[in-house]
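As a plain string of letters, each chain reads:
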Amino acid sequence: PDQESADIREVAAMATYGWGVIPVEARIGEVDFETSLFPKDGGYLLPLKDAVRKPQGLAAGDVVTVRMGVRI
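(A) Summary view of the nonpolar core. Judged by nonpolar contacts, Ile8, Ala12, Ala15, Ile22, Val24 and Leu37 together constitute the single largest core of 6 residues. Tallying contributions element by element places helix H1 (residues 2-15) first for this core, with 3 residues. In terms of nonpolar packing, the next biggest core, distinct from the first, is built from 5 residues, Ala26, Ile28, Val31 and Phe33 among them.

Next comes the structure, spelled out in structure tokens:
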């Protein structure tokens, strides 16, 4: 979302390890994981591995709630 992307951009310079990629800790349901956000079209993509998707029964197109923090 726009507001969340703006919040991430505020700390991106301190957190990125190149190409605008932002390391994050995230939680979906009961699954905690570490990954990176990838910039795209003014927002960010959050990749989800099978180890995150399968326990939650997630499929392409599903809407989920993500709790996330930038790793600095």
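(B) Inspection of the pairing of strand E2 (residues 31-40) at higher detail. In this structure, strand E1 (residues 22-28) lies alongside E2, joined through 7 bridges in antiparallel fashion. Among the inter-strand pairings, proline 23 is bridged to a residue of E2, identified as serine 36. What sits between the antiparallel neighbours E1 and E2 is a turn of 2 residues, in which glycine 29 has the positive phi angle 60°. Bridge analysis of E2 against strand E3 (residues 43-45) gives 3 bridges, and the strand direction is antiparallel. Across the sheet, residue phenylalanine 38 finds its bridge partner in E3, namely leucine 45. In this structure, the hairpin formed by E2 and E3 is closed by a connection of 2 residues, where aspartate 41 is found at a positive phi of approximately 50°.

What counts and what doesn't
- Residue positions are counted from 1 within each chain, in the order its sequence is given.
- For this predicted model, a pLDDT threshold of at least 70 governs which residues receive local features, and a threshold of 80 or more governs which side-chain atom pairs are given and counted, while totals over whole chains, interfaces and linings are taken from all residues.
- Based on all heavy atoms of the structure, the side-chain values leave hydrogens and waters out of the count.
- Take the buried Ala, Val, Leu, Ile, Met, Phe, Trp, Tyr and Cys residues and link them wherever side-chain atoms come within 4.5 Å; each set so joined is a nonpolar core.
- Only protein chains enter the area calculation, which uses a 1.4 Å probe; residues under 20% of their type maximum are buried, those over 50% are exposed, and those in between are partly exposed.
- Comment: elements are numbered from the N terminus, with helices defined as DSSP H or I runs of at least four residues and strands as E runs of at least two.
- At least two bridges found by DSSP between two strands is the condition for calling them paired.

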